[in-house]
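Residue strings, one per chain:
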Amino acid sequence: MVSNLDRKAIEGKLVEARAFAQSSNLAELASMFSGVEGMPRAQIETRVGNALKWLADKPQHQKITAVLELVELNLKNLK
């Protein structure tokens, strides 16, 4: 997995996750990533963690889980 994503790439992945959630009619999940652009690191960490917990018992959404796990690995790079 890639572990050197910068803020722009991380935010891009979160926008991708939001769009996937919206297209899958997962409004609650999509709302977790509303306005992530420029959001402080702590808030992004909280939202990613909450989203992964929300997805924990939903294996049918493995694609979005994988994107969020990649983001989680890269949160340390947020400045």
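Remember, predicted model here, so these are calculated numbers, not experimental data.

Q: Describe the packing of helix 1 (residues 7-23) against helix 4 (residues 62-74), with residues and values.
A: The N-to-C vectors of helix 1 and helix 4 enclose an angle of 160 degrees; their axes lie 10 Å apart at closest approach. For the element pair helix 1 / helix 4, the angle class is roughly antiparallel. You can see that helix 1 and helix 4 cross each other, and the crossing is left-handed. Facing I10, K13, L14, E16, A17, F20 and A21 of helix 1, the residues of helix 4 in contact are K63, I64, V67, L68, L70, V71 and N74.

Q: Pulling in residues and values, what's your account of helix 1?
A: Compared with an ideal rise of 1.5 Å per residue, which puts 17 residues at 24 Å, helix 1 spans 24 Å between its outermost C-alpha atoms and is within 8% of the ideal. Three or more residues of helix 1 are buried, namely I10, E11, L14, A17, R18 and A21. Angular distribution of buried residues about the axis of helix 1 spans 115 degrees; they occupy a single face of the element. Exposed and oriented more than 90 degrees from the buried face of helix 1 are K8 and S23. Where helix 1 is buried, its residues contact helix 2 (27-31), helix 3 (41-55) and helix 4. Where helix 1 ends, the next residue or the one after it, N25, has phi of about 60 degrees, a positive value.

Here is what the cut-offs are and how they apply
Residues numbered from 1 in each chain as written. Predicted model: local features only at pLDDT ≥ 70, side-chain atom pairs only at ≥ 80, totals over all residues. Heavy atoms only, no water. Axes fitted to C-alpha atoms, helices over the stretch in contact; angles between N-to-C directions. Helix = DSSP H or I, 4+ residues; strand = E, 2+ residues; numbered from the N terminus. Parallel < 35°, antiparallel > 145°, perpendicular 65-115°, else oblique. Left-handed = near helix turned anticlockwise from the far one by under 90°. Contact = heavy atoms within 4.5 Å. Expected span 1.5 Å × (residues − 1). Buried < 20%, exposed > 50% of the residue type's maximum accessible area, 1.4 Å probe, protein only. Arc of directions from axis to C-beta.

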